[in-house]
Amino acid sequence: MSGFLAVLVVVLIFVVIFQIAKASEYVSILKGEKKARQQNNRINGFLLIAFLVLGLIGVYYCNELLKGKILTLGDAASEQGDSIDNMIVWTLVITGIVFVITQVLLFWFAFKYQEKEGKPAFYFPHNNKLEVIWTVIPAIALTILVAIGLRHWFRITSDAPKDAMVVEITGKQFNWLIRYPGKDGQLGSKYFKNINDATNPVGQDWDDDLNKDDFMATEMHLVVGKPVKLIIGSRDVVHDVGLSHFRLKMDAVPGIPTTLWFTPKYTTAQMKEKTGNPDFVYEISCDQMCGAGHYSMKANIVVETQQEFDAWTAKQKSQYELAHAAQGSGAPAQPQAPKDSTAQKGVAAAF
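Residues numbered from 1 in each chain as written. Predicted model: local features only at pLDDT ≥ 70, side-chain atom pairs only at ≥ 80, totals over all residues. Heavy atoms only, no water.

Some remarks on the overall build of the protein chain
Move 1: Summing up its helical and strand segments, the protein chain has eight helices and ten strands in all.
Move 2: Every one of the 351 residues in the protein chain was classed for burial, and the buried ones make up 32%.
Move 3: Restricting to contacts in the protein chain with at least 6 residues of sequence separation, those with at least 24 account for 71%.
Move 4: Here the protein chain displays about 21,900 Å² of accessible surface, and carbon together with sulfur accounts for 64% of that area. (Helix = DSSP H or I, 4+ residues; strand = E, 2+ residues; numbered from the N terminus. Buried < 20%, exposed > 50% of the residue type's maximum accessible area, 1.4 Å probe, protein only. Contact = heavy atoms within 4.5 Å. Areas by Shrake-Rupley, 256 points an atom, 1.4 Å probe, with all protein chains shown as cover.)

Put into structure tokens, the structure is as follows:
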């Protein structure tokens, strides 16, 4: 019933506006076209000022009403995220100031310089000074903002610190495959023809000894305060590793490895206290539309102390062991990467 009433109110408003427009036409016929146009200009000028004032009040009200609910997830959970938050704040401040100034001038000029008796409009086709002002100043401002963004981009995609832990994450429709190096600290090589969802989901080359201790996980475990380098790839289509709490994201592209690194600031337990949410979890989302099951493509991240991480890794079995256990004794049968082509053997060893 309330929906019907809302539609009825909208229809009545349109009818009233239509009748006002018809009345204006009759007035213009009676008073003459010029006077009617000037009267309409005055009405429109006042309406524009009212719209400006109400619009700015509405923007402020919505900002206060939704503060803390949009464009924020609380404090950034990574050291790099703090800088990215500052960049976003400065971008919003600069563009917000420009928005307010330009909108106020737009509506005020429409009101102030409306058609008036005895004041003909001044027309000029070109003004070099104005062209320079509204071209150079925005160009400089945008160049500075882009430079700041590139600085952060180069920082998170640069070489990770030597003591950084390494985690490989591979996207597939519709879940994430997470691989850790074993005690040797190095990931073994891969070959796409070795992929087997049951025993070898990322296509590890069992002839590579570095693969003997690599293990897979269903969730990502990280150490608080320790840099982590992510080696990102995809098995099928373009995905995107979205780390909203850490303020990072990176495309997962088939055949083209991408990397980023960051340093977690808070453990999962600390974030539960900070947010007041006992069910809080860090989440990996796919930020690229990747198919019908895109909505379900996510995984959890556990940030913990070094002792907790070591205890967790000690319980993990290598994918090599699991593959052998699944297929009996002897190495699982699989296509082998060409020995003379490191590019086809995979990308993990290169990193």
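Having seen the model, we can carry on.
Here's the deal with the sheet that holds strand β10 (residues 298-304)
Move 1: Strand order in this open sheet of five strands is β4-β10-β9-β6-β7, and the pairing throughout is mixed. Each edge of the sheet is formed by a strand with only one pairing partner; in this case those strands are β4 (220-223) and β7 (248-252). Between one strand axis and the next, the sheet turns through 25° on average, direction left out of account.
Move 2: In this structure, strand β6 (residues 239-243) lies alongside strand β9 (residues 282-286), joined through two bridges in antiparallel fashion. By the bridge assignment, Val241 is partnered in β9 with Cys286. (Pairing = 2+ DSSP bridges. Axes fitted to C-alpha atoms, helices over the stretch in contact; angles between N-to-C directions.)

Some remarks on unusual backbone geometry
Move 1: The omega torsion across Gln173 and Phe174 is 5°, close enough to zero to call that bond cis.
Move 2: Structurally, Phe174 can be placed in the loop between β1 (165-172) and β2 (175-180).
Move 3: Of note, Arg247 is a non-glycine position whose phi angle comes to about 65°, a positive value.
Move 4: Assessed through its relative accessible area of 16%, Arg247 is described here as buried.

Describing the pattern of salt bridges
Move 1: Overall, the coordinates contain nine salt bridges when judged by the stated rule.
Move 2: A salt bridge links Asp209 to Lys212, with the shortest nitrogen-to-oxygen separation between them at 3.3 Å.
Move 3: Overall, Lys212 belongs to the partly exposed group, its relative accessible area being 31%.
Move 4: Shared partners join several salt bridges into a network, and the residues in it are Glu168, Arg179, Lys190 and Asp214. (Salt bridge = Lys/Arg side-chain N within 4 Å of Asp/Glu carboxyl O.)

With respect to helix α3 (residues 79-112)
Move 1: For α3, which comprises 34 residues, the first-to-last C-alpha distance of 50 Å matches the rise-based estimate of 50 Å (1.5 Å per residue) to within 8%.
Move 2: By the burial criterion, the buried members of α3 are Gln80, Gly81, Ile84, Phe107 and Phe111. (Expected span 1.5 Å × (residues − 1).)

Some thoughts on the sheet that holds strand β8 (residues 258-262)
Move 1: Strand order across the open sheet formed by five strands is β3-β2-β1-β5-β8, with mixed pairing between neighbours. Looking at which strands have only one partner, the edges of the open sheet turn out to be β3 (215-217) and β8. Averaged over all adjacent pairs, the angle separating strand axes in this sheet is 25°, with direction ignored.
Move 2: Pairing between strand β5 (residues 228-234) and β8: five bridges, direction antiparallel. Each bridged residue has a counterpart across the sheet, and for Val228 the counterpart in β8 is Phe262.
Move 3: Helix α6 (residues 306-314) rests against β1, β2 and β3 of the sheet, and its axis sits at about 110° to β3.

Here we look at the environment of Val224
Move 1: One can find Val224 in the loop between β4 and β5.
Move 2: C-alpha of Val224 to C-alpha of Ser78: the two residues are 146 residues apart in sequence and 9.3 Å apart in space.

Observations regarding the packing of aromatic side chains
Move 1: This structure, assessed with the given rule, holds 14 aromatic pairs.
Move 2: Ring geometry for Phe109 against Tyr113: centres 5.4 Å apart, planes inclined by 75°, an arrangement best described as edge-to-face.
Move 3: Given a relative accessible area of 41%, Phe109 falls into the partly exposed group.
Move 4: Residue Tyr113 is classed as exposed on the basis of its relative accessible area of 56%.
Move 5: Consider the rings of Trp206 and Tyr320, whose centres lie 5.4 Å apart with planes at 70°: the pair is edge-to-face. One end of the pair, Trp206, is in the loop between β2 and β3; the other, Tyr320, is in helix α7 (residues 319-327), with 114 residues separating them in the sequence. The two residues Trp206 and Tyr320 agree in class, both being buried.
Move 6: Aromatic rings pair up to connect Tyr180, Phe215, Phe309 and Trp312 into one cluster.
Move 7: Residue placement shows Lys112 over the ring face of Tyr113; its charged tip is 5.7 Å from the ring centre. (Phe/Tyr/Trp six-rings, centres within 6.5 Å; stacked < 30°, edge-to-face > 60°. Lys NZ or Arg CZ within 6 Å of the ring centre and 35° of its normal.)

Things to note about the pairing of β5
The side chains of a regular strand alternate, residue by residue, between the two faces of the sheet.
Move 1: Counting buried residues in β5 gives seven out of seven residues, a clear majority hidden from the surface.
Move 2: The two faces of β5 match: Val228, Leu230, Ile232 and Ser234 on one face and Lys229, Ile231 and Gly233 on the other face are all buried.
Move 3: With seven bridges connecting them, β1 and β5 associate as parallel partners. Residue Glu168 lies in a different strand from β5, and its bridge partner there is Ile231.

These figures capture arrangement, not role.
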